[in-house]
Amino acid sequence: MALFGLLLVLALACMQASAQTTQGSIVGSVKDPGGAVVTGATVTLTNTDEGTVRTTTPNGIGDYRFVNVKAGHYSVDVSATGFEKWSATGVALTVRQELRVDVQLSVGAVQQSVQVTGDNVSAIETESPTVSGTFTADDATNLPVNTRASFSGTSAAGILGTLPGVQADASGISLQGALPYQTEVTVDGVTLKDPAGGSFIGNAFPSTESISEIRADGVLANAEFGDPGQIVVTTKGGSNSLHGSGFWYYQSSAFDAIPYTYPTTMTKASVHGDTFGGSLGGPVVIPHVYNGHNKTFFYGAYEGWRHPAQTTLLEKVPSTLMKQGDFSNYNSAEFTGLTNPYTGGSYGKSIPSTALSPIALNALKQFYPDPNIGDPTAYTDDNVANYQANVDQSGHSNQFDVRGDQYVGSNQKFLVWGRFTWKNFPTNSPQHLNLPSSVNNSQSRVLKVDTNWIIKPNLINEGGFGFTRYTSGATNSFNGLAWTNQQGWKGLQNLFYNGIPEMDFNNLQSLNADRLTGLNKSFTYEYSDALIWTKGNHTLKFGTDIQSLEALSPLGFNGADNYGTYQFNTSSSVGMFTGVDFADFLLGLPNQTFYDVVRQDNDGISGHYHFFAQDEWRVNPRLTLSYGLRYELHPGYYDRYGDIGNFDPSIAKSGRVIYPQGKQDLLAQGFLASANACNPDGVTQTNSAAVNGAPCMPVQGNSTAGFPAGLKKYPHLRCMPRVGFAYRPFGNDKWAIRGGMGLYNINM
């Protein structure tokens, strides 16, 4: 109980904290035929994949425990004076599993032996309150989940929806009834949670070929882990035997029917998908120079995906005559002729060429194709397409996974290993009209470097560093900035990104590509360390997990923002000036415009700090208690360039606006003045008027207002206790009763 008291003091102080470990444990008891404990035995654990060896002895109640054990295949050997040697082979340990292997020694000579196989070892986890399910590498490869040769890429994230207790939906996954953002997804201990939101990054997964195991822990996660639900993915590594694989998957539209929605064509867009690659792993061996058996291992995999594809555009475009200002073949129930907005008279059905806007004519020449369905000179004002084109919608990806494991020292007490995943996944996204397809980018870089040091058989330290860097968003080869500048648009400001103005119509296809280049970037850097101390019947664990987060995203308010948004129709296809929206466009007279100026894009930064203390207490051979405390500190995001603001309602009647200190030049002074701000510029008070009994609204920098850089206050004493138990009522591995409670912090 002294250990419990020490843990409680540490926990209440909230000074210890979450390393996202992927290791498991092999535990058990050593007894003689009469059920008495054998404390003088030697228990040897051998990793049969790598040849590494660990030894321990049972404690005072006959229990032995190997903690922080890599998932893999093992043999357990037990020897004691006066007893036959006992061996279990083919023992399979999965990720984060606490596997129980009990030993009953028989009286006899050491030279005699009793052997059992892993088939005799219970698969039920009876030492932990956590409810979990696990998929192996074979499951990941053979489950009926289309992660290869599909038309949507090769992300292995689709496998998660088939895990026991997991349900997939459009917003993510639900684990045992939890909301999607209540589940943490990690690969080799590195989080894949997107700093820009609560979902995980599916394209940051390793190749399906590289997955070793996937485990889902649905309830009662201990203090080591932050979210209630945990999904852990581990990757393959090398072993003492050289092993490899190769694969090719193919899917083709040759087997698809012609879509019934195409009444004007008997052809279909061509699509097919190829996924191919291979893997190789084993010991590092350089003949006559270095023999890495039992200590140095490598693994590498490549996966390629090719998806040449087209999609069909069906759009309404102006006729060849309309582009010249000639509406003689324009058919609409309300149309009788065009009004001359400058004189109030009539143009008849043709606008003089001298009145046509050069910008409008250049826009038509650049972006609007001629009709290719029906008479190209005729136009009926309906929503029936008169232009059809098969455009590029191809995609491809290349992915590499590499891993190395190195045991240091003759006693193999120190392990350092690392894994790096590199993936580029661009796909073409068709744009309207004659704009080239945009490229939807998806680039992921994931690193994990981990150390495992067996300081003493009962004292182990695991520390690591990792990052997940993910870039997504669209780019386009068309230089909209240069085109816009050449046309002579007036009043456009700060065109720091690639885009084009937006022009909107009723039935005609609008030119609304807007921003052509906009990339989102999510960067997470993670530092973790955990110390595991086995003392008597207690296994104590103390650790920390610190995350540096950054999320960059394009900033926009409406339409094309800095490039301008122009609406030409009032209702239906009616134009305010000539009577026809497209004729108003030819004159350069929009019915409505919207314009705003974006100064720069968002760049949100924060840090998350986690600490925990955890004890697993084997009270007796049937009852195990798990209890601990977790502390988390989550400051709010601040923007590197000041692109955030907040409203504080605590000021009676008026409230106040909070902005990043020193960034008053970003304030929208006109908008703030309309809200009766005392100081719309954030500095000088120019207004003291009261409106409807409410005083003017202060506008203050965060430091002046007493707020942190993230413009919101956050709790500093977020301590979360966790308590659980696992009880074996009959003292065997066939029955277990588990329960507990915990307080969790959810990141949305």
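Counting its regular elements, the protein chain contains seven helices and 45 strands. On the principal axes, the C-alpha backbone points of the protein chain span a range of 115 × 70 × 50 Å. Per-residue burial over the protein chain gives 51% buried out of 748 residues. A distance of 7 Å separates the average location of the 46 positive side-chain charges in the protein chain from that of its 59 negative side-chain charges.

Next up on the list: a nonpolar patch on the surface. There is a patch of nonpolar side chains on the surface, built from Phe725, Tyr727 and Ile737 and spanning about 240 Å² of accessible area. Mapped onto the elements, Phe725 comes out in strand β44 (residues 718-727). According to the relative accessible area criterion, Phe725 is partly exposed, its value standing at 31%.

Burial of strand β4 (residues 63-69) is extensive: seven of the seven residues sit out of reach of the surface. Across five bridges, the pairing between strand β1 (residues 24-31) and β4 is antiparallel. Each residue of the ladder has a partner; that of Val27, found in β4, is Arg65.

Another aspect to go through is the pattern of salt bridges. The full count for this structure, using the stated rule, is 21 salt bridges. With a closest N to O distance of 3.0 Å, Asp188 and Arg419 form a salt bridge. Here Asp188 is found in the loop between β13 (183-187) and β14 (190-191), whereas its partner Arg419 is found in strand β29 (residues 414-424), with 231 residues between them in sequence. As far as burial versus exposure is concerned, Asp188 and Arg419 are alike and both buried. Residue Lys316 pairs with Asp382 through a salt bridge whose shortest N-O separation is 2.7 Å. With Lys316 in the loop between β22 (310-315) and β23 (330-331) and Asp382 in the loop between β26 (379-380) and β27 (387-392), this pair connects stretches of sequence that are 66 residues apart. Salt bridges sharing common partners tie together Glu50, Lys70, Arg403 and Asp405.

It is worth spelling out helix α3 (residues 358-367) at this point. Buried residues of α3: Ile359, Ala360, Ala363, Leu364 and Phe367, and no others. When α3 is viewed along its axis, its buried side chains cluster within an angular range of 135° and face the same direction. More than 90 degrees from the buried face of α3, the exposed residues found are Pro358 and Lys365. Looking at the packing, one finds that the buried side of α3 touches α4 (480-487), β33 (502-504) and α5 (581-587).

As a further point, take the sheet that holds strand β15 (residues 211-219). The strand order across the open sheet formed by five strands is β10-β15-β16-β13-β14, and the pairing between neighbours is mixed. Each edge of the open sheet carries a strand with a single partner, namely β10 (131-136) and β14. Relative to strand β16 (residues 229-235), β15 runs antiparallel, the two being bridged by six bridges. When the sheet's bridge partners are listed, Glu213 is paired in β16 with Thr234.

On the basis of which strands lie adjacent, the open sheet formed by three strands has the order β41-β42-β43 and mixed pairing. Among the strands making up the open sheet, the edge pair consists of β41 (646-648) and β43 (699-701). Each strand of the sheet is rotated relative to its neighbour by a mean of 35°, with strand direction disregarded. Note that β41 and strand β42 (residues 656-659) share three bridges and pair antiparallel. Counted as the bridge partner of Phe647 is Val657 from β42.

Along the chain, Glu526 turns up in strand β34 (residues 518-535). Judged by relative accessible area, Glu526 falls into the buried class, the value being 3%. For Glu526 and Gly466, which are 60 residues apart along the polypeptide, the C-alpha to C-alpha distance reads 5.2 Å. There is a polar contact of 3.1 Å between the side chain of Glu526 and the backbone nitrogen of Thr191. Here Gln547 takes part through its side chain, which lies 3.3 Å from a polar atom of the side chain of Glu526.

What follows covers the state of the cysteines. Across all of its chains, the model carries one disulfide by this definition. In this model, Cys678 is linked to Cys696 through a disulfide, with the two sulfur atoms separated by 2.0 Å. Between Cys678 and Cys696 the sulfur-sulfur dihedral comes to about 100°; the bridge is accordingly right-handed. With Cys678 in the loop between α6 (669-674) and β43 and Cys696 in the loop between α6 and β43, the pair connects residues that are 18 residues apart, well separated along the chain. A relative accessible area of 10% places Cys696 in the buried class.

Before going further, it helps to spend a moment on empty space enclosed by the protein. There is about 580 Å³ of room inside the largest cavity. Surrounding the largest cavity, 35 residues form its lining, Glu98, Asn222, Glu224, Phe225 and Glu616 being those nearest its centre. Looking at the lining of the largest cavity, the elements that each hand over two or more residues are β1, β4, β15, β35 (538-553), β38 (602-618), β39 (623-633) and β44. Of the residues in the lining of the largest cavity, the class split is 11 nonpolar, 14 polar and 10 charged. Each pocket or cavity is described by its volume, and for the second largest cavity that value is around 200 Å³. If you go around the second largest cavity, you meet 17 residues; those closest to its centre are Thr52, Arg54, Asn68, Tyr407 and Ile454. For the lining of the second largest cavity, the secondary-structure elements that each account for two or more residues are β2 (42-47), β3 (53-56), β4 and β31 (438-456). For the lining of the second largest cavity, the residue count by class is seven nonpolar, six polar and four charged.

As enumerated under the stated definition, the model contains 28 aromatic pairs in all. Plain terms: the ring middles of Phe496 and Tyr497 are 5.1 Å apart, the flat faces sit at 85° to each other, and that makes the pair edge-to-face. Seen from their ring centres, Phe505 and Phe582 are 6.1 Å apart, and the 50° between their planes marks the pair as tilted. Of this pair, Phe505 sits in the loop between β33 and β34 while Phe582 sits in helix α5; the two residues are 77 residues apart in sequence, bridging distant segments of the chain. Linked through ring pairs, Phe327, Tyr330, Phe335, Tyr379, Phe505, Phe568, Phe582 and Phe585 together constitute an aromatic cluster. The ring of Trp417 has Arg403 lying over it, and the distance from NZ or CZ to the ring centre is 4.1 Å.

Calculation notes
- Residues numbered from 1 in each chain as written.
- Predicted model: local features only at pLDDT ≥ 70, side-chain atom pairs only at ≥ 80, totals over all residues.
- Heavy atoms only, no water.
- Helix = DSSP H or I, 4+ residues; strand = E, 2+ residues; numbered from the N terminus.
- Buried < 20%, exposed > 50% of the residue type's maximum accessible area, 1.4 Å probe, protein only.
- Lys, Arg positive; Asp, Glu negative; His and termini not counted.
- Charge placed at Lys NZ, Arg CZ, Asp CG, Glu CD.
- Patch = residues over 30% accessible without salt bridge, like charges linked within 9 Å, V, L, I, M, F, W, Y side chains within 5 Å.
- Areas by Shrake-Rupley, 256 points an atom, 1.4 Å probe, with all protein chains shown as cover.
- Salt bridge = Lys/Arg side-chain N within 4 Å of Asp/Glu carboxyl O.
- Pairing = 2+ DSSP bridges.
- Arc of directions from axis to C-beta.
- Contact = heavy atoms within 4.5 Å.
- Axes fitted to C-alpha atoms, helices over the stretch in contact; angles between N-to-C directions.
- Polar contact = N/O pair within 3.5 Å; in protein donor to acceptor, adjacent residues only side chain to side chain.
- Disulfide = S-S within 2.5 Å.
- 1 Å grid on protein atoms, 1.4 Å probe; cavity = no way out; pocket = protein on both sides within 12 Å on 5 of 7 lines; lining within 4 Å.
- Points joined across faces, edges and corners; volume = space filled by probe spheres on them.
- Nonpolar A, V, L, I, M, F, W, Y, C, P; charged D, E, K, R; others polar.
- Phe/Tyr/Trp six-rings, centres within 6.5 Å; stacked < 30°, edge-to-face > 60°.
- Lys NZ or Arg CZ within 6 Å of the ring centre and 35° of its normal.

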